[in-house]
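Inside the fold
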Amino acid sequence: MEGVVVTEWKDIPMELLLRIVSLVDDRTVIVASGAIGQNCSQLQSLNLGWCENVGDLGVVSLAYGCPDLRTLDLCGCVCITDDSVIALAYRCLHLRSLGLYYCRNITDRAMYSLVHSRVKNKPPMWQSMKGRCDEEGLRSLNISQCTALTPPAVQALCDSFPALHTCSGRHSLVMSGCLNLTSVHCACAVQAHRTMSYVPHPAH
Ligand SMILES: [Zn+2]
């Protein structure tokens, strides 16, 4: 039989590798992210949604192997904890979109690690003047059903990433089912409130 002989992980074609990755558990993600790291450390997008066997070990090694990740879906990865998000926050500085729907072990620690990495890696003022500040950083985050989160942590996150919106027009910070987070708002809401209060009262 003719065909490509695959003797090592790194010989597996990228497309196939990604398909395998989405089916598997920690051990496989670790091996695969090592291979991706060698092969293609510039991997930018990965969907691990509802891979319930994937935990912190897998996500942490992914964060180390693929520092250029921009989009990562971990929705329904019920085993992962703050350690996964912390590794992503400090290793994947270009992360734009993160799905954590139903990751119920996620706490404020994870939110603050994202805030810290943002503060640490903020471009100097002269660069942010050119709009770089808006281009970098999270612009989509789903923390629906992450019921352990508290308003101060999520508000700090919202304040640090101006591209995250809770307003109905943009809605890039999704937190459905987090009933205790109803007080968290993006800057638009605050601005709208101020504008309302500045409207001069008609003279009598
Ligand atoms: Zn907004």
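Report follows, based on the coordinates. (Residues numbered from 1 in each chain as written. Predicted model: local features only at pLDDT ≥ 70, side-chain atom pairs only at ≥ 80, totals over all residues.)

Description of the nonpolar core
Core analysis: the largest hydrophobic core is formed by 48 residues, its most contacted members being L74, L100, C103, L149, V154 and C158. For this core, the elements supplying multiple residues, two or more each, are α3 (56-65), α4 (82-91), α5 (108-120) and α8 (151-160). L100 has contacts with L74, C75, I106, N142, I143 and C146, leaving out every residue within four places of it along the chain. (Core = buried A, V, L, I, M, F, W, Y, C linked by C-beta atoms within 7 Å. Buried ≥ 20, exposed ≤ 12 C-beta atoms within 10 Å, placed from the backbone. Helix = DSSP H or I, 4+ residues; strand = E, 2+ residues; numbered from the N terminus. Contact = placed C-beta atoms within 7 Å.)

Points about the sheet that holds strand β5 (residues 173-174)
In space, the 5 strands of this open sheet follow the order β1-β2-β3-β4-β5, with parallel pairing throughout. The sheet terminates laterally at β1 (45-47) and β5, the two strands that pair on one side only. Across 2 bridges, strand β4 (residues 140-142) lies against β5 in parallel orientation. Bridge assignment links N142 to a residue of β5, and that residue is V174. (Pairing = 2+ DSSP bridges.)

Brief notes about the packing of α3 against α4
Geometry of a packed helix pair, given as the angle between the helix axes and the separation of the axes. The interhelical angle for the contact between α3 and α4, taken along N-to-C directions, is 0°, at an axis separation of 8 Å. By the angle between their axes, α3 is roughly parallel relative to α4. Listed contacts from α4 to D56, V59, V60, A63 and Y64 of α3 are D83, S84, A87, L88 and R91. (Axes fitted to C-alpha atoms, helices over the stretch in contact; angles between N-to-C directions. Parallel < 35°, antiparallel > 145°, perpendicular 65-115°, else oblique.)

Here we look at the packing of α5 against α8
Contact pair α5 / α8: the axes reach a minimum separation of 9 Å and the direction vectors enclose 25°. By the angle between their directions, the pair α5 and α8 is classed as roughly parallel. The crossing of α5 and α8 is left-handed. Residue-level inspection shows D108, M111, Y112, L114, V115, R118 and V119 of α5 in contact with α8, the latter providing A153, V154, A156, L157 and S160. When the residues that make up the contact of α5 with α8 are grouped by side-chain class, the tally is 9 nonpolar, 1 polar and 2 charged. (Left-handed = near helix turned anticlockwise from the far one by under 90°. Nonpolar A, V, L, I, M, F, W, Y, C, P; charged D, E, K, R; others polar.)

Overview of α5
Under the 1.5 Å per step criterion, the end-to-end length of α5 is 18 Å for 13 residues, consistent within 8% with the ideal 18 Å. Looking at α5, one finds that the buried residues are A110, M111, L114 and S117. Angularly, the buried residues of α5 cover 130° about the axis, an arc narrow enough to put them on a single face. Projecting away from the buried face of α5 at angles above 90 degrees are the exposed residues V119 and K120. Buried residues belonging to α5 abut α4 and α8. (Expected span 1.5 Å × (residues − 1). Arc of directions from axis to C-beta.)

A closer look at the environment of A163
With respect to the helices, strands and loops of the structure, A163 is situated in the loop between α8 and β5. Using a count of 18 C-beta atoms within 10 Å as the deciding quantity, one classes A163 as partly exposed. Between the C-alpha atoms of A163 and A187, which are 24 residues apart in sequence, the distance is 9.7 Å.

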